[in-house]
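Secondary and tertiary structure notes
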Amino acid sequence: MRSPTPARLALALVAALAAAALLGGAAAATEEAYVTLLYGDEFVLGVRVLGKSIRDTGTRRDLVVLVSDGVSDYSRKLLQADGWIVSHITLLANPNQVRPKRFWGVYTKLKIFNMTSYRKVVFLDADTVVVKSIEDLFKCGKFCGNLKHSERMNSGVMVVEPSETVFKDMMRQIDTLPSYTGGDQGFLNSYYADFANSHVYEPDKPYTPEPETQRLSTLYNADVGLYMLANKWMVDEKELRVIHYTLGPLKPWDWWTAWLVKPVGVWQDVRQTLEESLPGTGGGRSPHDQLVVKVLFILPVLLLSFGYYQSCFQFSNGMHSKLPSYFGALTVLACFMSAGVSFAFAFAIIPKQIMPWTGLLLMFEWTFVSFFLLFGSYLRFVYRWGSLDANHVGHSRFDSSENHMVTGRHHNMSDCDIDATFYWTGMAIIAIVTVLLPTLLGVTALFAKLGLMVAGGVVLASFMTYASEHIAISAFYKGQRDRNVSRSRSICFLF
Ligand SMILES: *[C@@H]1O[C@H](CO)[C@@H](O)[C@H](O)[C@H]1NC(C)=O
């Protein structure tokens, strides 16, 4: 092999330098940046949507996400592919060691004051979404934030002028200043003790000299909690800039919140437009969840076809004297426990961050199938019980011709099948209507919505009480009737 000549080397060097200059030029940091913070993978979708919403405003400024150790390599790659500048940070330890572990690292947000490679940064929490350009925030002063909850500064949206002096000063006082939240927000409230008296920032009327702190209008940090109380934005909706989804455990990326909290629709709309930065991530999907969703959709169908269920109950009116007095209560208990367990199980296995409709459909599918199998098992037990009971009493009251008739009927639909089908579908339809009623009626207020659902729940519970008893009683008598019928044909449930 020929060794490269000096001329070739020089050429290669020039080319490399040119490429580096080009790349460097393209990636040159802007003076100002949007910044968010990510502690774990759970909030990645939030950051993706936030980033998309900022880019949609047409900004040319940097988007920087500070990630801590809890964030996986895949998530970092994904955010980078989305266009974020991913910057690793270590958690800033809580100086107060007596606090529980969950408060560890809650001072990390203060590190944005140390981002001195930028002249100014606009910080946004990962559970916010930008609905209208907020570029004018970069003209705000050294420190700008929102007042919320009786004179307290909320650290969800902030404008910060990074400064080594300020950051060092903060680090110096971190042990001494109290924090009512035990975290950065409480600390900042102590550090900027006079914040509540700051002027409100008006983009068109800059103050000279620039004040230490300025207050941002609610438009820049509109709390969904406020929306929920009045069921409308208390500010001019057309002027809204940033929505902050601060409803405790109700995070916009969880599928069920879209069904409860109307403004989550705004967030979901942005999410739908997310590009496929890595394979399978378009529309904010996760490749892993997509596989799980497919399996979850198909599995119940398989379960049902393997555990082929032959509805074979018959009403036998006039023979109720045989049933123990606690039978009704036991049945209703079994029915409600089956329903409760099915619901909880379905909720637990469905991935949280899937699309609202996918989540709802899977929820119905899994709740219904689990309930069908669980309560079906109870019915099978009742059926056996019925046939044992018939052993004790004998089966004189059933003549053999009737038994033969039962034996001979294989898959024919009979009146009893229709009755049982009626009860099962009745329960399913009431359950579906109960969940969808507020949406169908266009009700958006949370309390009205919950009220309607509770009303639907009462109807559903009444019907379940009634239906479960009827189905179980017929299973019991079916057991009695079938006792003497050839074993192979008499089993109603084949799971
Ligand atoms: C603050 O920034 C400087 C310079 O970028 C860096 O050397 C230092 O480690 C940072 N401090 C903390 C506590 O992160």
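Since this is a predicted model, take the numbers as computed values, not measurements.

1. Details of the overall build of the chain
- From N to C terminus, the chain includes 14 helices and eleven strands.
- Within the chain, the proportion of its 495 residues that are buried is 33%.
- Sequence separation of at least 24 residues holds for 69% of the intrachain contacts in the chain that already meet a minimum separation of 6.

2. Some points on the nonpolar core
- Counting 76 residues, the largest nonpolar core has Val 35, Leu 38, Val 121, Val 122, Phe 123 and Val 242 as the members making the most contacts within it.
- It is helix H2 (residues 44-55) that contributes the most residues to this core, six residues altogether.
- Looking at which domains feed residues into this core, each of domain 1 (30-284) and domain 2 (287-490) supplies at least three.
- Once residues lying within four places of it in the same chain are set aside, the contact partners of Val 242 are Leu 124, Thr 128, Val 130, Val 131, Ile 134, Val 157, Tyr 220, Asn 221 and Ala 222.
- Counting residues in hydrophobic clusters, the runner-up holds 22 residues, among them Cys 335, Phe 375, Val 382 and Leu 460.

3. Description of the sheet that holds strand E6 (residues 143-148)
- Spatial strand order, E3-E2-E1-E4-E7-E6-E9-E8: eight strands in an open sheet with mixed pairing. The open sheet is flanked by strand E3 (85-88) and strand E8 (199-200), the only strands paired with a single partner.
- Two elements, strand E4 (residues 120-124) and strand E7 (residues 152-160), share four bridges in a ladder whose sense is antiparallel. Of the residues in E7, the one forming a bridge with Val 122 is Val 159.

4. Examining the sheet that holds strand E11 (residues 242-244)
- Read across the sheet, three strands follow the order E5-E11-E10 without closing on themselves; strand pairing throughout is mixed. Each edge of the open sheet is held by one strand with a lone partner, namely strand E5 (128-130) and strand E10 (222-223).
- Pairing of E5 with E11 involves three bridges; the strand directions are antiparallel. Bridging from a neighbouring strand, Thr 128 pairs with His 244 of E11.

5. Some details on the pairing of E7
- Across the nine residues of E7, eight count as buried, placing the element largely inside the fold.
- Relative to E7, E6 runs antiparallel, the two being bridged by five bridges. Bridging from a neighbouring strand, Phe 143 pairs with Val 160 of E7.

6. Here's the deal with the pairing of strand E9 (residues 213-216)
- The sheet contact formed by E6 and E9 spans four bridges and is parallel. Bridge assignment links Gly 145 to a residue of E9, and that residue is Arg 215.

7. Some words on the UniProt feature "transmembrane region" (unreviewed entry) in the chain
- In this numbering, the UniProt entry assigns the feature "transmembrane region" (unreviewed entry) to residues 291-309, 330-351, 357-379, 422-448 and 454-477.
- For residues 454-477, the helix share is 100%, the strand share is 0%, and the end-to-end C-alpha distance is 35 Å.

8. What about the packing of H2 against helix H3 (residues 73-82)?
- Between H2 and H3, the shortest axis-to-axis distance is 10 Å and the interhelical angle comes to 5°. Viewed along their axes, H2 and H3 adopt a mutual orientation that is roughly parallel. Residue-level contacts link Val 44, Val 47, Arg 48 and Gly 51 of H2 to Ser 75, Leu 78, Leu 79 and Asp 82 of H3.
- For the contact of H2 with H3, a count of residues per class yields four nonpolar, two polar and two charged.

Criteria and thresholds
- Residues numbered from 1 in each chain as written.
- Predicted model: local features only at pLDDT ≥ 70, side-chain atom pairs only at ≥ 80, totals over all residues.
- Helix = DSSP H or I, 4+ residues; strand = E, 2+ residues; numbered from the N terminus.
- Buried ≥ 20, exposed ≤ 12 C-beta atoms within 10 Å, placed from the backbone.
- Contact = placed C-beta atoms within 7 Å.
- Core = buried A, V, L, I, M, F, W, Y, C linked by C-beta atoms within 7 Å.
- Domains from an automatic or database assignment.
- Pairing = 2+ DSSP bridges.
- UniProt positions renumbered as here; feature names shortened; annotations may be inferred.
- Axes fitted to C-alpha atoms, helices over the stretch in contact; angles between N-to-C directions.
- Parallel < 35°, antiparallel > 145°, perpendicular 65-115°, else oblique.
- Nonpolar A, V, L, I, M, F, W, Y, C, P; charged D, E, K, R; others polar.

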